[in-house]
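Survey of secondary and tertiary structure
This is what each chain is made of:
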Amino acid sequence: MLSASSQLVCVVPSTVVNSTLVIGSDYCQHFANGTVAQCESLSGNTFNIGAAGASYNNASTPSAILGSNPVWYQINSQALDAGNTSLFLPPNTIPNYPIGVITGGDNQNEGHLGLAPESQFLQAAYNNGIISQMGFGLDAGSQSIANQRPGKIVLGGYDRASMNELVPTAVYPIGTPSGSERDCPLQVKITQLTLRFPLSGGNFTEFNLTEAGIDVPACVEPQVPPFDKRYLPLLTLRYRYDNLFRFPPTILENIQQRTGWSPDTKADPSLLIAEPGLLYPPSIAFNGSLIIKLQGYDGQVEIPNYEMSQPLRGIAANGTRILNNNLTELKIFHEAPLLNTAILGKVFLSKVSNTPATLCDLPKLTSRGIFDRRL
C-alpha cells in the first residue's frame, strides 16, 4: 500500500507506466462489471480527493504533471484526474508527488506503481535520498495453493540473500522494445513453447505450441503479493493484474485443443473473476506443465503443474473471496491479449529454472524475479 495524503491506497507494480495511478473513491460507484462490494474488494483502498483537502493540489490537466504513459492510454481510455500530494514511505515523505486518480473506465483492477524506464516514483525516491540508485529488485513469490511463497520488492537494489539460495537462479537478457504491437521495457522473445504431460515410468509426452523459426515477442509484466517488511524502503503491493500467461490467438487455440477445453464450462455468473483463465470441469484434470525457451538463453523454464493449475478464485457479490474446488483454472488468460502481444505474468516469474547462472549485465530478468538498475 501507498500512503498519499494520509490515505492508504493499493497499487501493483507496472513496468509499462511511468506514473503512479490510484483508483479514485468514485470509481466503484460506476463499476460496470459487478457490485460495489466486489469492486471495493478487488480494488482495495481507494483515494478520496475530497477527503484529502489541502494536501492534494489538483493539476490543470493530467499531462501537466504526469509522466508519459502511452501504452496505458492505448489500453485504457479512462477518466483521469491528477494532482500533487505527499507520499509517505515510512519513515520518509516525498512532498509534492504527482499521482493520477482513476475515476472511470472498465479495465481497472487496482492502481499502478509506475516502474517504467522514466518512472516518476523511482526518480522522486532518488531525488529525496530514499534510494541510492535508480532501480528495484522484485521477487514475484507464488500464489500456488500447494506451494505458496511470499514475494517482495526492494527499492534501489535487490535482496542479495535471494540470489544466493541453494536453488540456482537463471538469468535472461532483456531486450528493448521492438517489433510487437505492444512495446514494453521488459521484453523477451519466446523461441519455443511446449505443453508437457507425464506418462507412466517417469516418461512424458510433449506438444509444441509454436512454429519452428518464428519467435514470439512477449512482455514480462511482474506483480507481487505483500513482501517481507525487513527490507526498507518497501511498499506493500497487492496482486491481480497480468498474473496469468496471455498468448496470441494461434497459441491460445492450440492450448485449448490440446487440453480438452470447452467454452461450455463456465463459472457462477455472480462471481467476479478479475482475470479469467481457462476453466475445466472435475472430469478433466490438467496434469501438465509449460516449457518456455527464450532467445539468448540456452536453457528452459518449466512452469510446474502446481503453478499452472489451481481451483478457481473469485469474489462473491458481497465482496467475500471464494475458492471453488469444483472448477479448475489453467493460468492462461481465456482471450487473446490486448495489442496481440504475449504476456509472461506473475505465474512465469513464480518458478525457478534448473540452470545456475550469475547476475550481471543489468537489467536482467531472473527466473526468481527481476533486478533492474537505471543509470
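Just so it is clear, the model here is predicted, and its values are computed rather than measured.

Locating Ser-19 in the fold gives a position in the loop between β3 (11-14) and β4 (20-23). Overall, the relative accessible area of 0% leaves Ser-19 in the buried class. Separated by 3.0 Å, the side chain of Ser-19 and the backbone nitrogen of Gly-67 make a polar contact.

Before going further, it helps to examine the pattern of salt bridges. This model, assessed by the stated rule, comprises four salt bridges. One salt bridge in this structure joins Glu-275 and Arg-246, with 3.0 Å as the shortest N-O distance. Linking Glu-275 in the loop between α5 (249-259) and β15 (277-280) with Arg-246 in the loop between β14 (216-220) and α5, this pair joins segments that are 29 residues apart in sequence. Owing to a relative accessible area of 8%, Glu-275 belongs among the buried residues under this scheme. A salt bridge links Lys-331 to Glu-329, with the nearest nitrogen and oxygen atoms 2.9 Å apart.

Think of a sheet as strands paired side by side through backbone hydrogen bonds, with each pair either parallel or antiparallel. Spatial ordering of the open sheet is given by β15-β19-β18, a layout of three strands whose pairing is antiparallel. Strand pairing shows two members of the sheet lacking a second neighbour, β15 and β18 (309-315), which therefore form its edges. The sheet shows a mean angle of 60° between the axes of neighbouring strands, taken without regard to direction. Taken together, the seven bridges between β18 and strand β19 (residues 321-333) define a ladder with antiparallel strand orientation. The partner of Gly-314 across the bridge, within β19, is Ile-322. In the packing of α5 onto the sheet, the strands contacted are β15 and β19, and the crossing angle to β19 comes to about 125°.

The subject of this paragraph is the state of the cysteines. Tallied over the entire structure, the rule returns one disulfide. Sulfur-sulfur distance for the disulfide between Cys-28 and Cys-39 comes to 2.1 Å. The disulfide joining Cys-28 to Cys-39 has a torsion of about -75° about its S-S bond and is therefore left-handed. Of the two residues, Cys-28 sits in the loop between β4 and α1 (36-43) while Cys-39 sits in helix α1, which places them 11 residues apart along the sequence.

This part takes up α5. When we look at burial in α5, the residues that qualify are Ile-251, Leu-252, Asn-254, Ile-255, Gln-256 and Thr-259. The elements touched by buried residues of α5 are β12 (187-198), β13 (204-208), β14, β15 and β19. One or two positions beyond α5, positive phi appears at Gly-260, with a value near 75°.

When pLDDT is averaged along the chain, the result is 80; 78% of the residues meet or exceed 70. Taken as a whole, residues 223-240 scores under 50 in pLDDT and shows 82 contacts with residues more than four places along the chain or in a different chain. Note on residues 352-363: pLDDT is under 50 here. Beyond four places in sequence and across chains, it has 34 contacts.

So, how was this worked out
Residues numbered from 1 in each chain as written. Predicted model: local features only at pLDDT ≥ 70, side-chain atom pairs only at ≥ 80, totals over all residues. Heavy atoms only, no water. Helix = DSSP H or I, 4+ residues; strand = E, 2+ residues; numbered from the N terminus. Buried < 20%, exposed > 50% of the residue type's maximum accessible area, 1.4 Å probe, protein only. Polar contact = N/O pair within 3.5 Å; in protein donor to acceptor, adjacent residues only side chain to side chain. Salt bridge = Lys/Arg side-chain N within 4 Å of Asp/Glu carboxyl O. Pairing = 2+ DSSP bridges. Axes fitted to C-alpha atoms, helices over the stretch in contact; angles between N-to-C directions. Contact = heavy atoms within 4.5 Å. Disulfide = S-S within 2.5 Å. pLDDT = per-residue confidence, 0-100.

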